[in-house]
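Listed below are the residues making up each chain.
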Amino acid sequence: MCIGLRWQKSKRDSFWRDDHHDTVCCIGLDAKGDLATAVSSSGLNNKLSGRLGDSPLIGAGSYCDNDVGGACCTGIGELAIKNAAAFAIVERMRAGVDPKRACDEILQRIVKKHPEVKTNDKAQLAFIAMNKAGAVGAVALRKQKTVFRYALARGTSAAPSLVEVKTLIAS
Ligand code: ASP
């Protein structure tokens, strides 16, 4: 086995110990009322070659239904994939739940299924969502080195405001 592959394999478990995450999430609602989501990611640090993260999987890292709303994720992609996180958030919005509560509910559901993320202070998962009316919500599992913020711009002339994202776990 080549040195590079051996090193990667030794790092495999560090998915859950590395607080680096960098998926850029974007949700847009245009003047005609059409919605779109987009995500861009280099994937988790130390991933094995060939790993497919949540970002390219519709329903996991992002999902958009033009009748309802859109949602995007950053953090441990495996959690978003196993729980169809973005799809689940949009489905809660379809049921009439506002975007912030939809994000909270799905993060709570995932934490209940994967309680190990509660005690691992490197584990992170964060969501942002917008509904057809332009209401926005977000949540992150925990504060880390940087506080999660999203930029919110309404109209074409207003400068975007930075909104701090509340965390599920206080510490
Ligand atoms: N969600 C990405 C992945 O699992 C990682 C990230 O957000 O940086 O590939």
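Placed above this text is the structure.
Residues numbered from 1 in each chain as written. Predicted model: local features only at pLDDT ≥ 70, side-chain atom pairs only at ≥ 80, totals over all residues. Heavy atoms only, no water.

So, helix 4 (residues 99–113)
Inference 1: Taking 1.5 Å as the rise per residue, helix 4 with 15 residues should run 21 Å; its terminal C-alpha atoms sit 21 Å apart, in good agreement.
Inference 2: Pro 99, Ala 102, Cys 103, Asp 104, Glu 105, Ile 106, Leu 107, Ile 110 and Val 111 are the residues of helix 4 that are buried.
Inference 3: Its buried side turned inward, helix 4 meets helix 2 (77–82), helix 3 (85–94), helix 5 (116–119), strand 5 (125–131) and strand 6 (136–140).
Inference 4: The residue sitting at the N-terminus of helix 4 and contributing the capping side-chain oxygen is Asp 98; that oxygen lies 3.1 Å from the backbone nitrogen of Lys 100. (Helix = DSSP H or I, 4+ residues; strand = E, 2+ residues; numbered from the N terminus. Expected span 1.5 Å × (residues − 1). Buried < 20%, exposed > 50% of the residue type's maximum accessible area, 1.4 Å probe, protein only. Contact = heavy atoms within 4.5 Å. Polar contact = N/O pair within 3.5 Å; in protein donor to acceptor, adjacent residues only side chain to side chain.)

Some points on the packing of aromatic side chains
Inference 1: Enumeration according to the criterion identifies 1 aromatic pair in this entry.
Inference 2: When the ring of Tyr 63 is compared with that of Phe 87, the centres are 4.9 Å apart and the planes differ by 85°; the resulting orientation is edge-to-face. With a gap of 24 residues between them, Tyr 63 in strand 3 (residues 62–65) and Phe 87 in helix 3 connect regions that are remote in the sequence. (Phe/Tyr/Trp six-rings, centres within 6.5 Å; stacked < 30°, edge-to-face > 60°.)

What about the site of the ligand?
Inference 1: In the region of the ligand, the neighbouring residues are His 21, Asp 22, Thr 23, Ser 41, Gly 43, Leu 44, Arg 51, Gly 53, Asp 54, Thr 74, Gly 75 and Gly 77.
Inference 2: In this structure, an oxygen atom belonging to the ligand sits 2.8 Å away from a side-chain N or O atom of Thr 74.
Inference 3: Burial of the ligand by the protein amounts to 99% of the accessible area it has alone, namely 270 Å².
Inference 4: Looking at side-chain class alone, the shell around the ligand contains 1 nonpolar, 8 polar and 3 charged residues. (Near = heavy atom within 4 Å. Areas by Shrake-Rupley, 256 points an atom, 1.4 Å probe, with all protein chains shown as cover. Nonpolar A, V, L, I, M, F, W, Y, C, P; charged D, E, K, R; others polar.)

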